[in-house]
Amino acid sequence: MNLEEYTCRSDNMENSQEKYRIKATCPNFVLGPTVIVMVGLPARGKTYMAKKLARYLNWIGITTRVFNVGEYRRAATEEYRSHDFFRPDNQSAMEIRKQCAIRALDDMCDWLGDSGEVGVFDATNTTRERRSMIHDYVVEKHQYKLFFVESVCDVEEIIEANIKDVKVASPDYDGMDKQEAIHDFLHRVDHYRGSYEPLHEKFDREMSYIKIFNQGERFLVNRVQGHLQSRVVYYFMNIHVMPRTIYLTRHGESELNIKGRIGGDSNLSFRGRQYANSLATFVEKENIPNLKVWTSEMKRTVQTAAGIPAPKEKWKALNEIDAGICEEMTYEEIAEKFPKDFALRDQDKYNYRYPKGESYGDLVGRLEPVIMELERQTDVMVVCHQAVARCLLAYFTNKQGAELPYLKVPLHCIIKLEPVAYGCLVETISLDVDAVDTHRAKPQNVSPKRSRIDALQTVPMHE
């Protein structure tokens, strides 16, 4: 639709805009608070899974928090001395550990009763007695839903890697020789092993749980109840912990970028084509075995990836956010024609939905299958768009809500993401090809009654 057609429709649009000014929200997956309880011996990846799950649930709009009992124990006791603290016959230490678990449960349930939706109780919880206590506290006392996640691993290489890469870096072993720390931690595991009672198909048949064997080799699922638990199971069945790199980049500068127009499906500019050539050269020099390249269906991403020597897939889900009636308009034109909507988007950019278009919340929902597939893959380069790149980057770097729509993802840069134990390493690589700036920061004045100058305060320069 061209500018003249917008002008012709503007008189009617003012009256019809209200029905399109809808606040995007995540579907209500959580019908009452839910507690997810981790189970398993030390060094089985429980904290890794707990933090990864919390990051995913927060990303899709479910307020989630991890409560790690080890942190409560470290706050309650003096400096860690040795594995003797975890001996089953150390009664005083057993009482301290029990009280720390109860304190963490109290805090978690208070938080869920206030504003939380999902609490992840991260501890070993290796005995049936401990799990029964948790059940009574969570289900009987608070009437919250309960789901257990047990990690079972007997592959020595995985266990050793977890101990060397993660556990010896624990605050428990600050200043301790690495080999001494490993020796101490192995004794700690032995103390737990003696009393370990795994979730059992017969004895725990009334419980809702998933058992994950050897970090995804196989699964056992029992009595899954409700949509949220189903999503948790689906997520765990799709993630893996193998080393991999995700290369995230926007398309090269487009013809509409130069003009300051949003959306559309234009070709690359001259500098955009230069970036496409530089990107192909970068990939060749990196020599990444089995690299896959994903693009959107839009011309500017397809053209950007055309010269890359790797298999390519087009994803409709990677298309840019739909700006609805504002497609191919400049910010100045939007501010003039739809000043109220321009202000509403500034007030809540994540939830604001363009009339006949999408919000960032909608976009996160659309990108969830992309995230699931990225979790299954090894090395992938994703060539996409500004809003899409922000959403994907937010998932890997644990950014949510109001922060997400303002993440900086400049043109002609590659963001290299390497998932690690409890997070993600991020490196930004510039290929030294000039481009326009398309980042619009949040203005100070977001009132619908603001002046035009205030409304356009942070609009980047363009032709």
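Scroll up for the structure.
Reading guide: rules and limits
Residues numbered from 1 in each chain as written. Predicted model: local features only at pLDDT ≥ 70, side-chain atom pairs only at ≥ 80, totals over all residues. Heavy atoms only, no water. 1 Å grid on protein atoms, 1.4 Å probe; cavity = no way out; pocket = protein on both sides within 12 Å on 5 of 7 lines; lining within 4 Å. Points joined across faces, edges and corners; volume = space filled by probe spheres on them. Helix = DSSP H or I, 4+ residues; strand = E, 2+ residues; numbered from the N terminus. Nonpolar A, V, L, I, M, F, W, Y, C, P; charged D, E, K, R; others polar. Expected span 1.5 Å × (residues − 1). Buried < 20%, exposed > 50% of the residue type's maximum accessible area, 1.4 Å probe, protein only. Phe/Tyr/Trp six-rings, centres within 6.5 Å; stacked < 30°, edge-to-face > 60°. Lys NZ or Arg CZ within 6 Å of the ring centre and 35° of its normal. Pairing = 2+ DSSP bridges. Axes fitted to C-alpha atoms, helices over the stretch in contact; angles between N-to-C directions. Contact = heavy atoms within 4.5 Å. Salt bridge = Lys/Arg side-chain N within 4 Å of Asp/Glu carboxyl O. Polar contact = N/O pair within 3.5 Å; in protein donor to acceptor, adjacent residues only side chain to side chain.

(A) Layout of empty space enclosed by the protein. In this structure the tally under the stated criterion is three cavities of 30 Å³ or more. Considering only enclosed or pocket space, the largest cavity measures out at about 470 Å³ in volume. Around the largest cavity, the lining comprises 32 residues; the ones closest to its centre are I262, G263, Y331, Q386 and T438. Ranked by residues supplied to the lining of the largest cavity, first place goes to helix α15 (residues 386-397) with three residues. Its residues assigned to classes, the lining of the largest cavity comprises 14 nonpolar, eight polar and 10 charged.

(B) Geometry of helix α2 (residues 46-59). The terminal C-alpha atoms of α2, which comprises 14 residues, lie 20 Å apart, in line with the 20 Å expected from a rise of 1.5 Å per residue. Within α2, 13 of the 14 residues are buried, which leaves it mostly tucked inside the rest of the structure. Positioned one or two residues after α2, G61 has a phi angle of 100°, which is positive.

(C) Molecular detail of the packing of aromatic side chains. Overall, the coordinates contain 11 aromatic pairs when judged by the stated rule. Between Y247 and F282, the aromatic rings sit 6.4 Å apart at their centres with planes inclined by 70°, giving edge-to-face as the arrangement. With Y247 in strand β7 (residues 246-250) and F282 in helix α10 (residues 270-286), the pair connects residues that are 35 residues apart, well separated along the chain. Of the two residues examined, Y247 and F282, each falls in the buried class. Three or more aromatic residues joined by ring pairs make a cluster, and in this case those are Y56, Y235 and F236. One cation-aromatic arrangement involves K51 over Y422; the distance from NZ or CZ to the ring centre is 4.8 Å. Just above the ring of Y331 sits the side chain of R440; from NZ or CZ to the centre is 5.5 Å.

(D) Representation of the sheet that holds strand β1 (residues 34-39) within the structure. Taken in spatial order, the six strands line up as β2-β3-β1-β4-β5-β6 in an open sheet, and their pairing is mixed. Unpaired on one side and paired on the other, β2 (64-68) and β6 (218-222) mark the two borders of the sheet. Ignoring strand direction, the axes of neighbouring strands in this sheet form an average angle of 15°. Both strand β4 (residues 145-152) and strand β5 (residues 209-213) contribute to a ladder of five bridges, which runs parallel. Bridged to S151 within β5 is I212. Docked against the sheet, helix α3 (residues 69-76) engages β2 and β3 (118-122), running at close to 45° with respect to β2. Helix-sheet contacts for helix α4 (residues 91-114) involve β1, β2 and β3, and the interaxial angle to β3 is about 170°.

(E) Structural view of the pattern of salt bridges. Scanning the model with the defined rule gives 20 salt bridges in all. For E333, the salt bridge is made with R261, and the minimal N-O distance between the two is 2.9 Å. One end of the pair, E333, is in helix α12 (residues 331-337); the other, R261, is in the loop between α9 (255-259) and α10, with 72 residues separating them in the sequence. Linking D346 and R440 is a salt bridge whose minimum nitrogen-to-oxygen distance equals 2.8 Å. Taken together, the positions of D346 in helix α13 (residues 339-347) and R440 in the loop between β12 (423-430) and α16 (452-455) put the pair 94 residues apart, joining distant regions of the chain. Comparing D346 with R440 shows no difference in burial state: the two are buried. Salt bridges here are not isolated pairs; linked through shared partners, they connect K52, R55, R244 and E375.

(F) Expanded view of the sheet that holds β12. Ordered in space as β9-β8-β10-β7-β11-β12, the six strands form an open sheet in which the pairing is mixed. In the strand order of this sheet, the two ends are held by β9 (312-314) and β12, each with one partner. Strand-to-strand twist of the sheet, defined as the mean angle between neighbouring strand axes without regard to direction, takes the value 20°. Across four bridges, β7 lies against strand β11 (residues 413-420) in antiparallel orientation. Bridged to T249 within β11 is I414.

(G) Representation of the side chain of E150. Relative to the helices and strands, E150 resides in strand β4. Given a relative accessible area of 0%, E150 falls into the buried group. In this structure the side chain of E150 is engaged in a polar contact, spanning 2.4 Å, whose partner is the side chain of Y196.

(H) Spotlight on the pairing of β5. Taking burial as the measure, the five residues of β5 include five buried ones, the bulk of the element. Residue alternation in β5 divides its side chains into two sets, Y209, K211 and F213 and I210 and I212, and both sets are buried. Here β5 runs beside β6; their pairing, made up of five bridges, is antiparallel. Across the sheet, residue F213 finds its bridge partner in β6, namely R218.

Just distances and angles here, no functional claims.
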